Amino acid sequence: MVDKIKVAVIGASGYAGLELVRLLVRHPGCELAALTSLEYPGRPFSQIFPALAGIVDLPFSQDPAPAKIAAAASVVFTAVPHQTAMGMIPRFLDLGCKVVDLSADFRFRDVSLYEKWYQPHTAPDLIPETVYGLPELHREEVRRTRLVGNPGCYPTCVILGLAPLAQAGLLSPHSVIADCKSGASGAGRQALLGISFCEVNDGFRAYKVLEHRHTPEMEQELSWLAGTPVNVTFTPHLVPMSRGILGTLYANLTAPRSEGDLRELYRKFYQGHPFVRLHPPGSLPDTRDVRGGNFCDLALRVDRDGRRVIVLSAIDNLTKGAAGQAVQNFNLMMGFPETMGLETAPFLP
Ligand SMILES: NC(=O)c1ccc[n+]([C@@H]2O[C@H](COP(=O)([O-])OP(=O)(O)OC[C@H]3O[C@@H](n4cnc5c(N)ncnc54)[C@H](OP(=O)(O)O)[C@@H]3O)[C@@H](O)[C@H]2O)c1
């Protein structure tokens, strides 16, 4: 029997960290060796999250003395805010760990783009070796790297929705509109007025119009696929649900195509990618069908005599949009089957 890989989750008390723990505890190839939290050091994980009582009773450790973490684990998942992540990751790498970072700190190939939207980067020397961890686009590079920048939730939804069109040269580069709706867990577990129950329930609003930091991430990957700069007009909305993102993506096509043509294009593009599911004609994605599952569900409609496409894309922001994708990347980095530990069906109903 092969030894299990020991893993640590930094920021295990947040929503993304919690979802990582939920998935990793049932992963046959790994063992949870360290879970960190600034707020709950010394307290058993299951005391804070009774849903995992008897399943994960490991106590939280105080935040992350890298030498201690690296002595306990060979792979580190960093599920902490951006800026905090890049402050600790170089040390984990120096100590021989592989890292999957769920923050935005290692998602950009161009450090100036990161610095334009976030803040000065403190570990720019690591950027050339970092891989953008969307396995449907970069599977082979993920297998070879020691540092994955795990994609953002909205970018996962939008890039997977449009990637086949971009690569085929069918995406008119200034026409893309990404109208996306997310549940409140996208903002994390911290207590914020704007995501408190009465501020979210029974309402529906846009936020950060033309300012959302996920925009350059979508543009980076779609431009790379298209071989030409692609602009995305991205409008995020907050809807009163806990998990899930539905993207309604509009784009003009550079040449007319039928829905059947595009379905065939998507079928071929995602052949061999087990987590992208194309709905049959007449059926549309629903965030309820992907809750807790690592799937991205897609559907296509073609309008205006084959000149405009509407793509519907649904993911769970915490699973395919964060922790599930991180486990998918971990599997590739470790040489495990890509689906290992991710075979669980989404929650029903
Ligand atoms: N939520 C999503 O849907 C989603 C999707 C994709 C990516 N992400 C990314 O995943 C990361 C975590 O997001 P989240 O939604 O899980 O946020 P969250 O619920 O606010 O959790 C943040 C976690 O980071 C820890 N933390 C905060 N500051 C820290 C510091 N200075 N040092 C060490 N640990 C610290 C917190 O620990 P304590 O509370 O115990 O202090 C907590 O465990 C972020 O970078 C986010 O952008 C989130």
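Read on for a plain summary of the structure.

**Comments concerning the environment of Gly11**
One can find Gly11 in the loop between strand E1 (5–10) and helix H1 (15–24). Along the sequence, Gly11 and Thr36 sit 25 residues apart, while their C-alpha atoms lie 5.5 Å from each other. If near-sequence neighbours (up to four positions away) are discounted, Gly11 is found in contact with Gly17, Thr36, Thr78, Ala79 and Val80.

**Thoughts on the site of the ligand**
By nearness alone, 29 residues border the ligand, and Gly11, Gly14, Leu38, Ser103 and Gly188 come closest of all. Breaking the shell around the ligand down by element, the ones donating at least two residues are H1 and helix H11 (319–334). Element by element, the count of residues in the shell around the ligand is highest for H1, at 3 residues. Within the shell around the ligand, the residues separate by chemical class into 11 nonpolar, 15 polar and 3 charged. Residues from two domains meet in the shell around the ligand; each of domain 1 (5–129) and domain 2 (153–317) gives at least three.

**Topic: the pairing of strand E10 (residues 245–252)**
Across 6 bridges, strand E7 (residues 176–182) lies against E10 in antiparallel orientation. Residue pairing across strands places Cys180 opposite Gly247, the latter belonging to E10. Relative to strand E13 (residues 308–315), E10 is paired through 8 bridges, and the arrangement is antiparallel. Across the sheet, the residue bridging to Asn252 is Arg308, located in E13.

The rules behind these values
- Residues numbered from 1 in each chain as written.
- Predicted model: local features only at pLDDT ≥ 70, side-chain atom pairs only at ≥ 80, totals over all residues.
- Helix = DSSP H or I, 4+ residues; strand = E, 2+ residues; numbered from the N terminus.
- Contact = placed C-beta atoms within 7 Å.
- Near = placed C-beta within 6 Å.
- Nonpolar A, V, L, I, M, F, W, Y, C, P; charged D, E, K, R; others polar.
- Domains from an automatic or database assignment.
- Pairing = 2+ DSSP bridges.

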